[in-house]
Every structure is written in C-alpha cells, then in structure tokens.
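Below, each chain spelled out in residue letters.
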Amino acid sequence: MSVDEDLRRYERELRAQGFARIAGADEAGRGALAGPLVAAAVILPDDFDTTGIRDSKVMTPNQRDEQFARITAACIVAVAKVEPATIDSRGLHRSNLSLLRRAARSLQPAPDYALTDGFAVARMPCPALGVKKGDAVSASVAAASIVAKVTRDRIMVRLDRRYPAFGFCHNKGYGTPEHWAALETHGPTPVHRLSFHGVGQEVLPGFGRAAVASA
C-alpha cells in the first residue's frame, strides 16, 4: 500500500459506509505567543490527487504553498480564525474546539462526516471523529492542516510589517529566542496572547520574559 493510499484509508472506509462528503479539520497556531488561531476544514473530491499531501509540519514553505493552491482550487474549503483577545478571555482549548466546529459548519455544501485532528469536537454539523495524529494519517485532515498553516503564516507576514521588531515573518509568532528577546525589550503588542505564561503578566525583578523560554 502506498503512502497516498494509506492516507486515504479513513475516507475510503467512511465512503464504503455511505458517507459521501468527508471533511477534515485542523488548526494552526495553537502554541504561538502572538497572532490568531486559524482553523480550516476541507472536503476532498473522491478523485483528488493526494500526491504531496501530508502533515503541514513536515513540509517546506514552497511545498505548502503549492499544495495550498491545488487544494483551494479543487476542494470545498472553509477557514475560520479567532483573535488573541478572544483566546485570552475564553481560553485556548475552548477557543480551539469552537473554531474547529465553526470551520466545519462553514463548509458548503455541508459535510456528511468530519474528521478532526486529535480532539473530539462536540456539536459538529454531522457525525465526527477525533483522530490521533490526524494530520499524519488522514488525507482530508492533512489538507486542512496545510490550508490552516499557509493562511496563518500569511497573516503573520502581514503583521510583521506592523510590528517589525518581533520578527513575525520568521518565527510566525512562536516563542523563539528572537521573539522572547523582543518581548523583553518592547513588551507585548495588541496581537500577543496576554494570558500565555511570560507574555502579558508582570515578571519578577531578575526574572525577565526571556527566562521563560528555558523554564
């Protein structure tokens, strides 16, 4: 069995049970210190060529861009995002589940079944299953991971122009040494997640934000 066929096994088994439109949903930016959390839901046509589709984390930026163009041109796609202020007020996990649900509900036509990466998500618009490492074992979830990642990365590149000191075009809002050093020097911006440890809270004398990176 090839890698591509293996990625199709969830979708293949669900189609055999009578589910025609199978959506995959995944998010990007869960662990970032800044920027939105972005989720995507994707329904792959049955005849879609999955060559090159895999977990976005193991792909190069050029590979992701290429597959993003293919997916958005040929598939049913929905994208949703939640801003840092909402993450701070509602909490990361609650925001994550709500966002995956919103992305799946935004698909038109609606899916018959949904696969989500990792988490089981209640109140989906159809029967749903949380799949461990879904972006590595399901073609539709992998496609959603690519769409979510590319969409979020492009947002962070735009934010880099507004906040150039933080290097968002390179670190995409994650806690790199460069990013922690900028937080230590400049403090958080309006696009930072103030509820995250070391980002928005006051720090003790002698224990700067940069120390959080090694904590």
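Overview of the structure. Since we're looking at a predicted model, the values are computed, not measured.

## Section: the pattern of salt bridges
With the rule as written, the count across this model stands at 9 salt bridges. The partner of Asp112 in a salt bridge is Arg21, with the nearest N and O atoms 3.6 Å apart. One end of the pair, Asp112, is in the loop between α5 (92–105) and β4 (113–117); the other, Arg21, is in the loop between α2 (9–16) and β1 (22–28), with 91 residues separating them in the sequence. Using a relative accessible area of 24% as the deciding quantity, one classes Asp112 as partly exposed. Across the salt bridge formed by Asp153 and Arg64, the nearest N and O atoms sit 3.9 Å from each other. With Asp153 in helix α7 (residues 139–162) and Arg64 in helix α3 (residues 61–74), the pair connects residues that are 89 residues apart, well separated along the chain. Judged by its relative accessible area of 9%, Arg64 falls in the buried class.

## Some points on the packing of α3 against α7
In the contact formed by α3 and α7, the axes pass within 9 Å of each other and the chain directions differ by 115 degrees. With respect to α7, the element α3 is oriented roughly perpendicular. When the axes of α3 and α7 are compared, the crossing they make is left-handed. Contacts from Arg64, Asp65, Gln67, Phe68 and Ile71 in α3 reach Ala143, Ile146, Val147, Lys149, Val150, Thr151, Asp153 and Arg154 in α7. Across the contact of α3 with α7, the residue classes break down as 6 nonpolar, 2 polar and 5 charged.

## A short note on the sheet that holds strand β3 (residues 76–82)
Where strands meet in a sheet, backbone hydrogen bonds hold them as pairs that are either parallel or antiparallel. The mixed open sheet is built from 5 strands, whose spatial order is β3-β2-β1-β4-β5. Of all strands in the sheet, those with a lone pairing partner are β3 and β5 (128–131), marking the two edges. The mean angle between the axes of side-by-side strands here comes to 20 degrees, regardless of whether they run parallel or antiparallel. Strands β1, β2 (37–43) and β3 of the sheet are contacted by α5, whose axis makes an angle of about 30 degrees with β2.

## Considerations on the side chain of Asp160
Among the structural elements, Asp160 can be located in helix α7. Nearest to the buried, unbridged Asp160 among oppositely charged side chains is Arg161, at 6.8 Å. Aside from chain neighbours lying at most four places away, what touches Asp160 is Gly167, Phe168 and Cys169.

## A few points about the environment of Glu83
Locating Glu83 in the fold gives a position in the loop between β3 and α4 (84–90). When its relative accessible area of 36% is taken as the criterion, Glu83 is described as partly exposed. For the pair Glu83 and Ala23, spaced 60 residues apart in sequence, the C-alpha separation works out to 24 Å.

Rules and cut-offs
- Residues numbered from 1 in each chain as written.
- Predicted model: local features only at pLDDT ≥ 70, side-chain atom pairs only at ≥ 80, totals over all residues.
- Heavy atoms only, no water.
- Salt bridge = Lys/Arg side-chain N within 4 Å of Asp/Glu carboxyl O.
- Helix = DSSP H or I, 4+ residues; strand = E, 2+ residues; numbered from the N terminus.
- Buried < 20%, exposed > 50% of the residue type's maximum accessible area, 1.4 Å probe, protein only.
- Axes fitted to C-alpha atoms, helices over the stretch in contact; angles between N-to-C directions.
- Parallel < 35°, antiparallel > 145°, perpendicular 65-115°, else oblique.
- Left-handed = near helix turned anticlockwise from the far one by under 90°.
- Contact = heavy atoms within 4.5 Å.
- Nonpolar A, V, L, I, M, F, W, Y, C, P; charged D, E, K, R; others polar.
- Pairing = 2+ DSSP bridges.
- Lys, Arg positive; Asp, Glu negative; His and termini not counted.

Structural measurements only, silent on function.
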